[in-house]
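Reading the structure
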Amino acid sequence: MGCCGCADEPSSKVEPTTPENQNSPSSYSEQIFVKNRSCTDVLALVILLALVGGFAYMMTNVANKGDIFRVINGYDDCGFVCGRVTPNPEINPRAQCRKENTDMTKKRYLEIEMDATGVKKRTCVENCDSTAEKPKMQFLNRCVNKQVSDTINSIIRNLHLDSFYREAVNDLGVAWRELVYLLLIALAISLAILVAFRYLVQWIVYIVLIGVIIACIGGTTYFWLAWYQENNAVKANAIPAEDSSVQPYFVYAIIMSVVTAIILLVVLVMRKRIALVMQLFREAGKAVCAMPALLFQPIYTYLLIGFTMIAWIYFMLWIESAGDIYENKKHHIHFRKDGLLIATRWYNLFLFFVACEFYLGCQHLLVACAVARWFFTRDKKRLSFAVTRGFGYLVRYHLGTVAVGALLIGIVRLIRAMISFVQNHLKRYDNGCVQGILWCCQCCIWCFECALKFLTRNAYIETAIYGCNFCTSGRKAFQALSSNVLRVAAINSVGDFVLFLGKVLVITLTAISGVYLMQKKEGLHHPWVPITIAGIFAFLVAHCFISIYEMIIDTIFICFCEDCEKNDGVGRPYFMSRGLMEFVENSKKALRHLDQRQETAAT
């Protein structure tokens, strides 16, 4: 199939053997995690590098036709950039402009005069001296009408926002030590929650499920009682029928009853799968304890995404400044974009999407490689440098596979951005039919993007296990997920909700700690400002840790499915722990055989 260990093996799905033939060499469990790998999806990586090279070529055209200071400083009616010496003034189509001095270094500010028809005149000036007729003030290298600024200032003063900013900055300066303490508290709480997920996850899940069931039953009871009381009041003529809420309460009660019944049935049907979710949380806790370096991976990822966002903004400013010079009807010089520059604008956005998805995909595949190697190692005490070797597998073999996923998701996100652009452009025409069609398209593409991201994450896990290319891994992931639909539903409902509650708990406890610390701090005008900032930091910290935890759980689940598919627990022993063996069909035989092997090894 082009990748080692990726062949479709109908014989790899084994049936439970008997103790008589379990010692035959052919039935012994072989290693599932592939170590001898080959490069996957090299063509996609070449395409990605070619796209980056094409963007570099397109940016040379932007550099020839643009000047970033046209956006930052502004330019006058002759096209001369304020505060700079405009290069190539001879291309200016207006003769009188070519004769003027192009050195605007002393005229740093752009003054814009407006009338009923729009912009009347743009002029570079040395300063924005206020006059009796048209007072101006400086703002972002522009001379802004002071009447507008006065109106804004009056609103700010009426809302008491003028002093709020100074007081908030002063509060941050006074309470910076407490902010550091709160950040450390959020870090400690996040780590404590990860430990609780391993040892106390059973109680957490039971509390969540019981709380949801009680809330549903309580809501259903409330709506039926409200309907009953409202209906009796109408019959007794205490409330006019037209002013009553009998029908809304009846509808709410019916809906709530259906939801409660569905939840109760789901909990009863999926009770064993929910127990599997608890065990997956415990196994994820073991993996984190064995490989704590996994928790630091989001730091590198989000730093790269931050640098990429800065680069995207920088290139965007260059693109928006570029264009071919032309003169409009008012004899003002502007810069008009041709088709190549418009394409470069979308190209820049597309590469930003692809880069972000590429970084996240590298993180997912790195975590999956480390966790899969940990899962399919029998003697986990001898496991060393799992994260480092996972990074080696990623860089040496599977960057192309990550590139495929990033390109696919980037294309879908670009299509969504284009539809949003068309929606905003068509708002002026107020066509409800077209808007409805575009909203439906946007919703469908968003659902497709979510499904594609989910499948891509699981395809990375299959690649981490077998070293497959993206298409083969995607097919194997789809087969594994489709054959374990109820288990996947339990993980994505109960598991994700528990992880969400973990984030909420980190933020809540950090905010409570902030209230306690800020009460003892003197000189604070607005204590809620540093508490809010601490809550935002707490969310970021919790999200970094728990997002990795979520990927670890998904990887262990796919490894569990592959272990069940390839082994039978008797002739071919499982790699999974005793806790996970309880959820396979031949669990009793597998556990009995495992005990026999342990007794034999002890003697």
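What you are looking at is a predicted structure, and each value in this text was computed from that prediction instead of being measured. (Residues numbered from 1 in each chain as written. Predicted model: local features only at pLDDT ≥ 70, side-chain atom pairs only at ≥ 80, totals over all residues. Heavy atoms only, no water.)

The next subject is the state of the cysteines. Summed over the entire model, instances satisfying the criterion amount to one disulfide. Sulfur-sulfur distance for the disulfide between cysteine 82 and cysteine 124 comes to 2.0 Å. Measuring the twist about the S-S bond at about -80°, one finds the cysteine 82-cysteine 124 disulfide to be left-handed. One end of the pair, cysteine 82, is in the loop between helix 2 (69-72) and helix 3 (95-98); the other, cysteine 124, is in strand 2 (residues 118-125), with 42 residues separating them in the sequence. (Disulfide = S-S within 2.5 Å. Helix = DSSP H or I, 4+ residues; strand = E, 2+ residues; numbered from the N terminus.)

What follows deals with unusual backbone geometry. A positive phi is found at aspartate 41, a non-glycine position, where the angle reads about 55°. Owing to a relative accessible area of 19%, aspartate 41 belongs among the buried residues under this scheme. The phi dihedral of phenylalanine 385 falls on the positive side, at around 55°, and the residue is not glycine. Mapped onto the fold, phenylalanine 385 is located in the loop between helix 11 (339-375) and helix 12 (386-426). What makes phenylalanine 385 exposed here is its relative accessible area of 62%. (Buried < 20%, exposed > 50% of the residue type's maximum accessible area, 1.4 Å probe, protein only.)

So, on to the pattern of salt bridges. One pass over the structure, following the stated rule, counts eleven salt bridges. Here arginine 413 makes a salt bridge to glutamate 357, at a shortest N to O gap of 3.3 Å. Here arginine 413, found in helix 12, pairs with glutamate 357, found in helix 11; they are 56 residues apart in sequence, far enough to count as distant. The partner of aspartate 554 in a salt bridge is arginine 457, and the shortest N-O contact between them spans 2.6 Å. Here arginine 457 lies in helix 13 (residues 432-466) and aspartate 554 lies in helix 16 (residues 528-566), a separation of 97 residues in the sequence. By relative accessible area, which is 12% here, aspartate 554 ends up buried. The exposure class of arginine 457 is buried, given its relative accessible area of 18%. Members of the salt-bridge network, linked through shared partners, are Glu357, Arg413, Arg416, Glu449 and Lys453. (Salt bridge = Lys/Arg side-chain N within 4 Å of Asp/Glu carboxyl O.)

Going through the model one piece at a time under the given rule, you end up with 18 aromatic pairs. Seen from their ring centres, phenylalanine 281 and tyrosine 549 are 6.0 Å apart, and the 40° between their planes marks the pair as tilted. Of this pair, phenylalanine 281 sits in helix 9 (residues 271-290) while tyrosine 549 sits in helix 16; the two residues are 268 residues apart in sequence, bridging distant segments of the chain. Across the pair, tyrosine 549 and phenylalanine 281 agree in class, each one buried. Both rings, one in tryptophan 312 and one in phenylalanine 352, keep their centres 5.1 Å apart while their planes meet at 25°; by these two values the pair is stacked. You can see tryptophan 312 sitting in helix 10 (residues 297-321) and its partner phenylalanine 352 sitting in helix 11, a full 40 residues away along the chain. Taken together through their ring pairs, the aromatic side chains of Phe55, Tyr314, Phe315 and Tyr347 make up a single cluster. Against the face of phenylalanine 335 rests arginine 70, its NZ or CZ located 3.7 Å from the ring centre. (Phe/Tyr/Trp six-rings, centres within 6.5 Å; stacked < 30°, edge-to-face > 60°. Lys NZ or Arg CZ within 6 Å of the ring centre and 35° of its normal.)

When pLDDT is averaged along the chain, the result is 79, and 81% of the positions lie at 70 or above. Within the model, the stretch residues 1-5 combines pLDDT values under 50 with 19 contacts to residues more than four positions away or in other chains. (pLDDT = per-residue confidence, 0-100. Contact = heavy atoms within 4.5 Å.)

Moving on to empty space enclosed by the protein. The full count for this structure, using the stated rule, is two cavities of 30 Å³ or more. Here the largest cavity is characterised by a volume of approximately 70 Å³. Looking at the largest cavity, the residues that line it are Phe454, Asn458, Leu481, Val488, Ile491, Asn492, Asp554, Phe557 and Ile558. Of all the secondary-structure elements, those providing two or more residues to the lining of the largest cavity are helix 13, helix 15 (485-519) and helix 16. Per-class residue counts for the lining of the largest cavity are six nonpolar, two polar and one charged. (1 Å grid on protein atoms, 1.4 Å probe; cavity = no way out; pocket = protein on both sides within 12 Å on 5 of 7 lines; lining within 4 Å. Points joined across faces, edges and corners; volume = space filled by probe spheres on them. Nonpolar A, V, L, I, M, F, W, Y, C, P; charged D, E, K, R; others polar.)

Here we come to helix 8 (residues 246-269). Between its first and last C-alpha, helix 8 extends 34 Å over 24 residues, near the 34 Å set by a 1.5 Å rise per residue. When we look at burial in helix 8, the residues that qualify are Val246, Ala253, Thr260 and Val267. As for helix 8, its buried residues are in contact with helix 7 (201-235) and helix 9. (Expected span 1.5 Å × (residues − 1).)

Right, let's talk about helix 10 for a bit. Given a rise of 1.5 Å per residue, 25 residues ought to cover 36 Å, and the 37 Å separating the end C-alpha atoms of helix 10 matches this to within 8%. Restricting attention to buried positions, one finds in helix 10 the residues Gln297, Pro298, Thr301, Ile305, Thr308, Trp318, Ile319 and Ser321. After helix 10 finishes, the residue glycine 323 shows a positive phi value of roughly 160°.

A cluster of nonpolar side chains, namely Phe250, Val251, Tyr252, Ile254, Ile255, Val258, Val259, Ile262 and Val266, defines an oily patch on the protein surface of about 730 Å² accessible area. Secondary-structure assignment places tyrosine 252 in helix 8. (Patch = residues over 30% accessible without salt bridge, like charges linked within 9 Å, V, L, I, M, F, W, Y side chains within 5 Å. Areas by Shrake-Rupley, 256 points an atom, 1.4 Å probe, with all protein chains shown as cover.)

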